[in-house]
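Topology and contacts: notes
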Amino acid sequence: MGTGLRVERDYSLRECNTFGVEAKAAYYARVTSREELAALLQDNPVRDREKLVLGGGSNILFTRDFDGVVIHNAIGGIAVVEQGDREAVVEAGAGVVWHDLVLFCLERDFGGLENLALIPGSVGASPIQNIGAYGVEMKDAFESLDALEVATGRVRTFGPLECCFGYRNSVFKQALRGQYIVLAVRFRLTTRDHRVVTSYGALQEALRARGIEHPTPRDIADAVTEIRRQKLPDPAELGNAGSFFKNPEVSQEQYEALKREHPGLVAFPTPGGAKIAAGWLIEQCGWKGKRVGNTGAHARQALVLVNYGGATGREIYALAQEIQASVLARFGISLEMEVNLV
Ligand code: FAD
Ligand code: EPU
């Protein structure tokens with residue numbers, strides 16, 4: 001291949017997914033530049049096989065070995081590519097750790113990504129499901145991205161409209177699923193007069209508890225970091241992939257009917273109706289803190305399924321299906337998986 005790139009055979013993916021489940025990739029390669037990626041895609045054992053791109057492996061569940069090529073995208077680099085009076089554009093390589101990008105912005109007092117502090121994973125995966133937390137989604141700061149079309153090797157730049165961002169959704173999970181590899185993402189950030197978002201209940205409370213009335217981006221990132229550390233298990237200690245399911249969105253009529261029947265229902269208004277807290281639905285079905293073999297629903301956040309050690313992907317998936325069935329039976333709601341299943 002001539003680039004020093006190594007393609008491994010029968011590679012264990014246990015260290016490559018935050019659930020920490022065992023699965024083997026028939027082929028595995030780590031790429032650190034666009035050139036390495038292009039060379040890899042031309043290469044013989046790789047060219048004609050199914051491909052799966054991995055960043056941090058924090059939103060994926062392997063239920064089987066992968067017979068194709070796992071490409072670990074480790075393309076690095078962060079740079080300010082445009083700096084105006086009020087705004088700056090920052091570009092980051094797909095393999096940059098998301099939180100490192102957030103820290104890069106905080107160090108320069110660039111506003112826009114602070115509510116998304118401490119989300120695990122890579123910059124390249126952030127547009128795939130349009131990551132979101134504490135009142136902000138990645139799309140709110142998104143400028144554009146470069147992605148390589150697997151079939152042709154051509155690089156295409158996508159603007160926000162072409163990405164069709166939605167709640168935990170984008171064109172890369174729908175019509176263009178598996179067709180593009182994200183190479184770099186650009187974000188438009190404020191350099192002064194920051195538009196801080198403090199609407200999320202838990203964030204408001206945390207800021208109030210700290211006596212902060214006019215938070216800076218750094219204050220928000222600190223508060224978000226504290227909340228996340230309290231609520232979410234650290235994958236280094238307990239295997240998980242964050243929320244396993246999406247919060248289901250229902251119409252206003254469905255919401256009102258559900259609320260009449262279940263007065264304690266936790267929901268948040270959306271333009272079309274309401275988003276129901278899936279964690280509440282799962283807790284009501286008795287799963288919170290319940291352990292089934294080596295897996296279970298977390299004791300502080302029922303929406304997070306965990307691997308207590310030694311769980312297989314199939315075991316975790318079986319639990320997820322049981323949870324879906326019980327929520328459907330009790331509330332008539334189908335929970336959609338957020339985690340990508342292999
Ligand atoms: P991976 O798991 O490696 O990949 C996810 C998907 O994206 C796969 O389908 C993969 O093929 C594809 N993909 C990855 N990189 C590329 C690329 N360069 N080009 C094309 N496709 C690619 N998510 C939120 O939105 N909000 C949260 O608050 C949040 N909290 C979390 C908390 C914890 C403790 C954990 C473990 C996860 C959490 N997540 C959250 C989920 C996860 O962090 C995000 O989905 C993150 O963007 C995944 O990044 P990754 O690099 O690990 O992706
Ligand atoms: N709740 C319960 N029981 C539970 C969990 C939650 O009753 O076991 C109720 C509580 O009333 C709580 C409400 O649900 O106030 C909302 O819970 P939380 O603030 O923890 O947020 P979430 O809706 O469960 C979503 C995202 C998270 C994101 C947080 C903060 C989804 C699927 N999940 O969780 O994203 O970090 O909001 O914005 O939208 C992820 O996508 O992996 C993820 C962790």
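Above this text sits the structure in question.
Residues numbered from 1 in each chain as written. Chains lettered and ligands numbered in written order. Predicted model: local features only at pLDDT ≥ 70, side-chain atom pairs only at ≥ 80, totals over all residues. Heavy atoms only, no water.

**Thoughts on the site of ligand 1**
Taken together, 34 residues sit near ligand 1, with V53, G55, S58, S122 and R228 positioned nearest. Contact between ligand 1 and R168: an oxygen atom at 3.3 Å from a side-chain N or O atom of the residue. Protein chains shield 93% of the accessible area of ligand 1, which is 980 Å² for the free molecule. Secondary-structure elements contributing two or more residues to the shell around ligand 1 are β3 (51-54), β8 (132-133), β12 (180-190) and β13 (239-243). Of the residues in the shell around ligand 1, the class split is 17 nonpolar, 15 polar and 2 charged. (Near = heavy atom within 4 Å. Polar contact = N/O pair within 3.5 Å; in protein donor to acceptor, adjacent residues only side chain to side chain. Areas by Shrake-Rupley, 256 points an atom, 1.4 Å probe, with all protein chains shown as cover. Helix = DSSP H or I, 4+ residues; strand = E, 2+ residues; numbered from the N terminus. Nonpolar A, V, L, I, M, F, W, Y, C, P; charged D, E, K, R; others polar.)

**Structural notes on a negative patch on the surface**
A grouping of D10, E50, D65 and D67 is seen on the molecular surface, where their side chains present a negatively charged patch. By the element assignment, D10 lies in strand β1 (residues 8-12). Taking the relative accessible area as the measure of exposure, D10 reaches 49% and is therefore partly exposed. (Patch = residues over 30% accessible without salt bridge, like charges linked within 9 Å, V, L, I, M, F, W, Y side chains within 5 Å. Salt bridge = Lys/Arg side-chain N within 4 Å of Asp/Glu carboxyl O. Lys, Arg positive; Asp, Glu negative; His and termini not counted. Charge placed at Lys NZ, Arg CZ, Asp CG, Glu CD. Buried < 20%, exposed > 50% of the residue type's maximum accessible area, 1.4 Å probe, protein only.)

**Overview of the site of ligand 2**
Inspection of the region around ligand 2 gives 22 residues, with Y134, Y167, Y200, E283 and Q301 positioned closest. In this structure, A302 approaches ligand 2 through a main-chain N or O atom, which is 2.9 Å from an oxygen atom. Taking 820 Å² as the accessible area of ligand 2 by itself, protein coverage stands at 83%. Only α6 (217-231), β13 and α8 (278-284) provide two or more residues apiece to the shell around ligand 2. When residues of the shell around ligand 2 are assigned to their parent elements, the largest contribution, 3 residues, is made by α8. Residue classes in the shell around ligand 2 are distributed as 10 nonpolar, 5 polar and 7 charged.

**Some remarks on the sheet that holds strand β2 (residues 24-31)**
Read from one edge of the open sheet, 4 strands run β1-β2-β5-β3, paired in mixed fashion. Two strands lie at the open edges of the sheet, namely β1 and β3, each paired on one side alone. Strand-to-strand, the axes of this sheet are offset by a mean angle of 45°, without reference to chain direction. Relative to strand β5 (residues 66-73), β3 runs parallel, the two sharing 4 bridges. Counterpart to L54 in the pairing with β5 is H72. Where helix α1 (residues 34-42) meets the sheet, its contacts fall on β2, β3 and β5, and the angle it forms with β2 comes to roughly 145°. (Pairing = 2+ DSSP bridges. Axes fitted to C-alpha atoms, helices over the stretch in contact; angles between N-to-C directions. Contact = heavy atoms within 4.5 Å.)

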